[in-house]
Amino acid sequence: MAAGIVASRRLRDLLTRRLTASNYPGLSISLRLTGSSAQEEASGVALGEAPDHSYESLRVTSAQKHVLHVQLNRPNKRNAMNKVFWREMVECFNKISRDADCRAVVISGAGKMFTAGVDLMDMASDLLQPKGDDVARISWYLRDIITRYQETFNVIEKCPKPVIAAVHGGCIGGGVDLVTACDIRYCAQDAFFQVKEVDVGLAADVGTLQRLPKVIGNQSLVNELAFTARKMMADEALGSGLVSRVFPDKEVMLDAALALAAEISSKSPVAVQSTKVNLLYSRDHSVAESLNYVASWNMSMLQTQDLMKSVQAATENKELKSVTFSKL
């Protein structure tokens, strides 16, 4: 017991020494900055259209400090996923992954629904008239297309920044592939989810069959949805764990999603992004492997100044949003 008390005192003294202003000369200044004024002073970036994000099928805005809002932006086509979309989503999220100022992302759909899924009219030439002069060559061509389309949603999962899906109206076919690659899902009361692929003569092949069982943890329900293409309404989606909250309408849902993104972005980006990386690793590995992975990960990440800043804020009863964390 005595040894434990001595060790805890030593740890407290070490933290105290490391948290002095002489070690972090900018810390005392940053802690005096609070609320939105602190964010504006630290950034100087105007909200609105996000720089370096110009697309045909997407609209990307700086919704709040450190938060990007990505909208599926083909409202006249019910946000159907055309050839341009499959390419632009990869470009968009590769940029977001490298964006040191972005700490959280919200994805929503413009217009009356989230998405109607694949734009079959636009994609017909690739899928129904594939290139190649024999079965082997046609098959290789189709496999290349499928793997490229898979990457469209893989980039969301691989993006180190947390991604929040905000769904209203229909989330059909490829929409389910998209949202299951996101980290958090909110929906409006009018939302429904539909694994539609069997109705058009194919098996879903860009993520739903692989991610949905892990998301909701109910193989029987997944099988039912995938075999029948029936609609899962908002309340059932909440009960099954597909979404974590349901809101009365799109506007309230978007406000909540952006507020959640803002809360996440107020935390240490080292802590948040490390958490996402380790959650995904743990999903696909054993407990022992995952513990070993996080030990190797944190042997470097625990040396971040963010830890000291967060501890000091806690000991001084200050909110984390009053702390200025460096870009990551």
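Residues numbered from 1 in each chain as written. Predicted model: local features only at pLDDT ≥ 70, side-chain atom pairs only at ≥ 80, totals over all residues. Heavy atoms only, no water.

An unreviewed UniProt entry lists the chain under the name Delta(3,5)-Delta(2,4)-dienoyl-CoA isomerase, mitochondrial, from Pongo abelii. The annotation that UniProt attaches to the chain under Subcellular location (unreviewed entry) is "Peroxisome". Taken directly from UniProt, the Function (unreviewed entry) text for the chain runs: "Isomerization of 3-trans,5-cis-dienoyl-CoA to 2-trans,4-trans-dienoyl-CoA." (UniProt positions renumbered as here; feature names shortened; annotations may be inferred.)

A.B. asks: Help me understand the sheet that holds strand 6 (residues 170-172) in this model?
C.D. replies: The mixed open sheet is built from three strands, whose spatial order is 6-8-9. For this open sheet the edge positions go to strand 6 and strand 9 (231-233), each flanked by a neighbour on one side alone. On average, each strand axis in the sheet is tilted by 20° relative to the strand beside it, whichever way the strands run. As judged from the three bridges shared by strand 6 and strand 8 (residues 192-194), these two strands associate in the parallel manner. (Pairing = 2+ DSSP bridges. Helix = DSSP H or I, 4+ residues; strand = E, 2+ residues; numbered from the N terminus. Axes fitted to C-alpha atoms, helices over the stretch in contact; angles between N-to-C directions.)

A.B. asks: What is the right way to look at unusual backbone geometry in this model?
C.D. replies: Its identity as a non-glycine residue notwithstanding, asparagine 79 has a phi of 55°, on the positive side. Structurally, asparagine 79 is set in the loop between strand 3 (67-72) and helix 4 (83-98). Positive phi values are uncommon outside glycine, yet alanine 229 reaches one of about 65°. Positionally, alanine 229 belongs in the loop between helix 9 (219-228) and strand 9.

A.B. asks: Can you walk me through helix 12 (residues 269-283) in this structure?
C.D. replies: Every α-helical turn comprises 3.6 residues, leaving residues that sit three or four positions apart pointing alike. Compared with the 21 Å implied by 1.5 Å per residue over 15 residues, the 21 Å span of helix 12 between its first and last C-alpha is a close match. Looking only at helix 12, the buried set comprises Pro269, Val270, Val272, Gln273, Ser274, Lys276 and Asn278. In this structure, the buried residues of helix 12 make contact with helix 6 (135-158), strand 5 (163-167), helix 11 (250-265), helix 13 (287-301) and helix 14 (305-315). Two or three places before valine 270, at the opening of helix 12, serine 268 has a side-chain oxygen 3.2 Å from that residue's backbone nitrogen. (Expected span 1.5 Å × (residues − 1). Buried < 20%, exposed > 50% of the residue type's maximum accessible area, 1.4 Å probe, protein only. Contact = heavy atoms within 4.5 Å. Polar contact = N/O pair within 3.5 Å; in protein donor to acceptor, adjacent residues only side chain to side chain.)

A.B. asks: Any chance you could explain the pairing of strand 3 here in plain terms?
C.D. replies: Look at any regular strand and the pattern is simple: side chains alternate between the two faces of the sheet. Most of strand 3 is tucked away: six of the six residues are buried. Taking every second residue as pointing to the same face, both faces of strand 3 are buried, with Val67, His69 and Gln71 on one and Leu68, Val70 and Leu72 on the other. Bridge count between strand 2 (residues 58-64) and strand 3: six bridges; the pairing is antiparallel. Along strand 3, the bridge assignment pairs threonine 61 with histidine 69. Connecting the antiparallel pair strand 2 and strand 3 is a turn made up of two residues, with histidine 66 showing a positive phi of about 70°. The sheet contact formed by strand 3 and strand 4 (residues 104-109) spans six bridges and is parallel. If you follow valine 70 over to strand 4, its bridge partner there is isoleucine 107. With helix 4 bridging strand 3 and its parallel neighbour strand 4, the resulting β-α-β unit is right-handed. (Right-handed = clockwise from strand over helix to strand, strands pointing away.)

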